[in-house]
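So you can see what is in the structure, the chains are spelled out below.
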Amino acid sequence: MLSMLRTSAGLRRRRQQLPPPASKRLPLHVDLIPLLPRLSFLRFPVGHAYLWADQEGLTLIDTGMPGSGPLIAEAIRRLGYRTEDLRRVVLTHFHIDHAGSAAEIAEWGAVEVLAHRADAPFIRGQVEGPPPNLLDWERPLWEQVQAGLPEETVAPVRVDRELDDGDVIELGSGVTATAVAAPGHTPGSVAVHLPAHRVLFTGDAIARVPHGEQIILGVFNVDPARATESFAKLAELDTDIACFGHGEPVVGGAGPRLRTAARPD
């Protein structure tokens, strides 16, 4: 119960970063923060993205809210690359703050779009994605967050490759990532693990409380029980750097912290 109260407090702090409900438009900006020589953190007000850079091209993990494309393009240029260097976009799930700019970015060039097969129909716009199964304590927080989000919907985007658990993603120069199915937040939530570099992109399966150290189960889940199982599964991976969809990354010693956070009270 104590952890839930702390989570609630953290989400209230995050809510204060959103614009007044009347604006219905998030003021977009991005901070470009290096985590490794090849890895950059694109910190957005809501829904972070990450860039993996290689001489054979760039990989983008998630795309932020609608309208984030120009900011991501500018971040790419600041790193010394061109938008045409983007080779792939991996979407951790279908929500607006992660797939919001995917349709725009997919048109930059020879960009392959990857997502888990269970979320692919929602990302393509073939069917509407399911709403979360809210716990009682989440309901007022959900209403607050929704009040600050724009009313626009996510533009459908093609999914070129449907991922399954354990699929290998080639990032260039011999670097590979593994797709790790993490259902619960959405039916097809997927994490991305770089075993050789010990980097884990969790999407919203795991989060970090804003302005704090606490690592928590992601909120607003379609299936809370499966989400809890996925958290435990991801925590067992060999991870030094954990990159979340919400909250600051953990850079160094992430694995033990994830395992501690995944244990029930």
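Just above sits the structure.
Residues numbered from 1 in each chain as written. Predicted model: local features only at pLDDT ≥ 70, side-chain atom pairs only at ≥ 80, totals over all residues. Heavy atoms only, no water.

Peer 1: Describe the pattern of salt bridges, with residues and values.
Peer 2: One pass over the full model with this rule turns up 15 salt bridges. A salt bridge links R43 to D31, with the nearest nitrogen and oxygen atoms 3.1 Å apart. On the criterion of sequence distance, the pair formed by R43 in strand β2 (residues 39-43) and D31 in strand β1 (residues 31-34) is long-range, its members being twelve residues apart. In this structure D31 comes out as partly exposed when scored by relative accessible area, which is 31%. A single network of salt bridges, built from pairs that share partners, joins R117, R124, E162 and D164. (Salt bridge = Lys/Arg side-chain N within 4 Å of Asp/Glu carboxyl O. Helix = DSSP H or I, 4+ residues; strand = E, 2+ residues; numbered from the N terminus. Buried < 20%, exposed > 50% of the residue type's maximum accessible area, 1.4 Å probe, protein only.)

Peer 1: Please set out the sheet that holds strand β10 (residues 190-194) residue by residue, giving values where relevant.
Peer 2: Taken in spatial order, the six strands make up an open sheet running β8-β9-β10-β11-β14-β15, and their pairing is mixed. Of all strands in the sheet, those with a lone pairing partner are β8 (168-172) and β15 (250-251), marking the two edges. Strand direction decides the pairing type here: β8 and strand β9 (residues 175-181), joined by four bridges, are antiparallel. When the bridges of β9 are listed, E170 appears paired with T176. (Pairing = 2+ DSSP bridges.)

Peer 1: Before we move on, could you go through the packing of aromatic side chains and cite the residues and values that matter?
Peer 2: Enumeration according to the criterion identifies four aromatic pairs in this entry. Ring centres 5.0 Å apart and planes at 65 degrees place the aromatic pair F94 and F122 in the edge-to-face group. Highlighted residues: F94 in the loop between β5 (86-91) and α3 (96-99) and F122 in helix α5 (residues 120-123), separated in sequence by 28 residues. F94 gets classed as buried once you look at its relative accessible area, which sits at 14%. The exposure class of F122 is buried, given its relative accessible area of 18%. Their ring planes at 75 degrees and their centres at 5.1 Å tell us that W142 and F220 sit as a pair that is edge-to-face. Pair noted here: W142 is in helix α6 (residues 139-148) and F220 is in the loop between β13 (215-217) and α7 (224-235), with a separation of 78 residues, a long-range link. The class of W142 is partly exposed, set by a relative accessible area of 25%. By way of ring pairs, the aromatic residues F41, Y50 and F201 are connected into one cluster. (Phe/Tyr/Trp six-rings, centres within 6.5 Å; stacked < 30°, edge-to-face > 60°.)

Peer 1: Describe the pairing of strand β4 (residues 57-61), naming the residues involved and giving the relevant values.
Peer 2: Counting buried residues along β4, five of its five residues qualify, which places the element largely inside the surrounding structure. Where strand β3 (residues 49-54) and β4 come together, five bridges link them in antiparallel fashion. Bridged to W52 within β4 is T59. The hairpin turn running from β3 into β4, its antiparallel successor, is two residues long.

By themselves, these observations are geometric and do not establish any function.
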